[in-house]
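The primary structure of each chain is shown beneath.
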Amino acid sequence: MPSWDRRLTDAGVRDRALRADYSTAARVFARRILAHYAAVRLLVAPALHPHVVAAYAFLARTDDLADQGPLRERLPRWHAWAAQVTAGLESGHADDPVLRAFLHTVAVRRLPHHWVRTYLKATMEELHFAGHATEADFQRYVDNLALPALMLIEDLQYEGGGNEVFRSRCRSFAEGLQRLDFLTDLTDDLTEGRLYLPQEDLDRFGVTRADLEQGKDTPAVAELVALTCGRTRKSLTDARALVESTTADFRPLQRALLDLAEHQLSRVESSGTSVTRRAVGYGLRVPLAVLLRERRQLAAGAAPGA
């Protein structure tokens, strides 16, 4: 497996200071989402690997600034970060090393700026999130936040961004991942005073927010969870076509991410109403098996679409 220095060279990152910025981004990514970092490390082609790392680190840094601490502290910190990102898109320069690496990736891969701008705007609005009243509200959330965040990674496959078919398949994946996130993080979100499930879905089954906060095991809560799982399953199934639109350098990771999402959804389905009482993770055995399968195919020189 190529070293990190070799990967930076293969990605065209030769300036010493810039290499240090990418190394900082890698540490931020690894500390924040170790499982995804391992998947990227094992499965993404060396020339693309540092750019994917930079995008993940940028998302992690932005998410942390938006989520950590009281709102009165987050708001000025967030506005300063958003201003730095916006200015950096125009100038290519920034004070933050993670942002410098990401801006270089944006320039080299010609990542469409509108994904960054839309993501920033939606994240700012998320600071004042009050819940989704309807399914239509959730769909707008996907278009404005979940999809742009995903495209900051997915569009790195194509210099200048992928085509409309590719984007539509990414959209299905973004929707599935977002619904899955609502389910797996339901208990943590409720503890922090947030509920992302559309209110009209709760009303449909006569479920109250208090029912979820108290972790009630009722037929109504079970129906609500089953409805959300069914919608999530459909989106992830539709997203399977994304593999066909994925480049060879990214395809092993793409397959792994899809498999891991479906695996986690199966764990949610098995958990039923207990998702209101404890978070649902990936486990260990299946994720390791998925990563090792894809890694073995790469090592054996298997065809990318096999």
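Presented here is a report on the structure given in the accompanying data block. One numbering rule holds for all chains: residues counted from 1, following each sequence as written. Note on the predicted model: pLDDT of at least 70 is required for a residue's local features to be given, and 80 or more for side-chain atom pairs to be given and counted; whole-chain, interface and lining totals, by contrast, use all residues. Calculation of side-chain values draws on the structure's entire complement of heavy atoms; hydrogens and water are dropped beforehand.

Quick notes on the overall build of the protein
Note the cut-off: Counting from the N terminus, the helices are DSSP H or I runs at least four residues long and the strands are E runs at least two residues long. Values of the radius of gyration come from C-alpha atoms, whereas the globule rule sets the reference at 2.2 Å times the count of residues to the power 0.38. Burial classes: relative accessible area under 20% of the type maximum marks a residue as buried, over 50% as exposed, and values in between as partly exposed (1.4 Å probe, protein chains only). Should any heavy atoms of two residues lie within 4.5 Å, those residues are considered in contact. Note on areas: Shrake-Rupley, 1.4 Å probe, and residue coverage restricted to the protein chains presented here. Within this scheme the basic residues Lys and Arg register as positive and the acidic residues Asp and Glu register as negative, but His and the chain ends are omitted. For charged residues, the charge sits on one atom: NZ in Lys, CZ in Arg, CG in Asp, CD in Glu.
For the protein, the count of helices and strands is 15 helices and 0 strands. Relative to the globule expectation of 19 Å for 306 residues, the C-alpha radius of gyration of the protein, 20 Å, shows essentially globular dimensions. Each of the three principal axes of the protein carries a C-alpha extent, and together these read 60 × 50 × 35 Å. Considering the protein as a whole, with its 306 residues, one finds that 51% of them fall into the buried category. Put simply, of all contacts in the protein between residues at least 6 apart along the chain, 70% involve residues at least 24 apart. If you sum the accessible surface of the protein, you get close to 13,700 Å²; carbon and sulfur atoms cover 53% of it. In the protein, which carries 40 positive and 40 negative side-chain charges, the distance between the mean positions of the two groups comes to 6 Å.

Here's the deal with the packing of helix α9 (residues 164-184) against helix α13 (residues 219-239)
As a reminder, the rule being used: Axes, fitted as lines to C-alpha atoms, cover a helix only where it is in contact. Angles between the N-to-C directions of the axes lie from 0 to 180 degrees. Working rule for angles: under 35 degrees goes down as roughly parallel, over 145 as roughly antiparallel, 65 to 115 as roughly perpendicular, anything else as oblique. Each helix crossing is assigned a hand: it is left-handed if the near helix lies turned anticlockwise from the far helix by less than a right angle, otherwise right-handed if that turn is clockwise. All amino acids are sorted into three groups, where Ala, Val, Leu, Ile, Met, Phe, Trp, Tyr, Cys and Pro are nonpolar, Asp, Glu, Lys and Arg are charged, and the leftover types, Gly among them, are polar.
At their nearest, the axes of α9 and α13 sit 8 Å apart, and the two run at 150 degrees to each other. Taken together, α9 and α13 sit at an angle that is classed as roughly antiparallel. Handedness of the α9/α13 crossing: left-handed. For the pair α9 and α13, the contacting residues are Arg-169, Ser-172, Phe-173, Glu-175, Gly-176, Leu-177, Arg-179, Leu-180 and Leu-183 in the first and Val-225, Thr-228, Cys-229, Arg-231, Thr-232, Ser-235, Leu-236, Asp-238 and Ala-239 in the second. Here the residues of the contact of α9 with α13 sort into 8 nonpolar, 5 polar and 5 charged.

Focus: the packing of aromatic side chains
What describes a pair of aromatic rings is the distance from one ring centre to the other and the angle between the planes of the rings. Using the following cut-off: Ring pairs are drawn from Phe, Tyr and Trp, using the six-membered ring of Trp, whenever the two centres fall within 6.5 Å, and their geometry is named by plane angle: stacked under 30 degrees, edge-to-face over 60, tilted for the rest.
Within this structure, the stated rule accounts for 12 aromatic pairs. Residues Phe-182 and Tyr-196 carry aromatic rings whose centres are separated by 4.9 Å and whose planes lie at 15 degrees to one another, so their mutual orientation is stacked. Residue Phe-182 is located in helix α9, and its partner Tyr-196 is located in the loop between α10 (186-191) and α11 (199-205); the two are separated by 14 residues in the primary sequence. Among the aromatic side chains, those forming a connected cluster through ring pairs are Phe-129, Phe-138, Tyr-141, Phe-182 and Tyr-196.

Re the side chain of Arg-194
For the record, the criterion: In protein, a polar contact requires one atom able to donate a hydrogen and another able to accept it; more generally it is a pair of N or O atoms within 3.5 Å, and residues adjacent in sequence count only if both atoms are side-chain atoms.
Structurally, the position occupied by Arg-194 is in the loop between α10 and α11. A polar contact of 3.1 Å, which involves the side chain of Arg-194, links it to the side chain of Tyr-196. Arg-194 has contacts with Asp-189 and Arg-209, leaving out every residue within four places of it along the chain.

Things to note about α13
Stated formally: How far a helix is expected to stretch is found by multiplying one less than its residue total by 1.5 Å.
Helix length check: α13 (21 residues) gives 30 Å between terminal C-alpha atoms against 30 Å at 1.5 Å per residue, within 8%. Turning to α13, its buried residues are Ala-220, Val-221, Leu-224, Val-225, Leu-227, Thr-228, Cys-229, Thr-232, Ser-235, Leu-236 and Ala-239. Contacts made by the buried residues of α13 are with α9, α11, α12 (209-213) and α14 (251-271).

Observations regarding the environment of Val-268
Within the secondary structure layout, Val-268 lies in helix α14. Residues Val-268 and Leu-180, 88 residues apart in the sequence, show an inter-C-alpha distance of 8.5 Å. Those residues in contact with Val-268 that sit more than four places away from it in its chain are Leu-180, Leu-183, Thr-184, Cys-229, Val-275 and Val-280.

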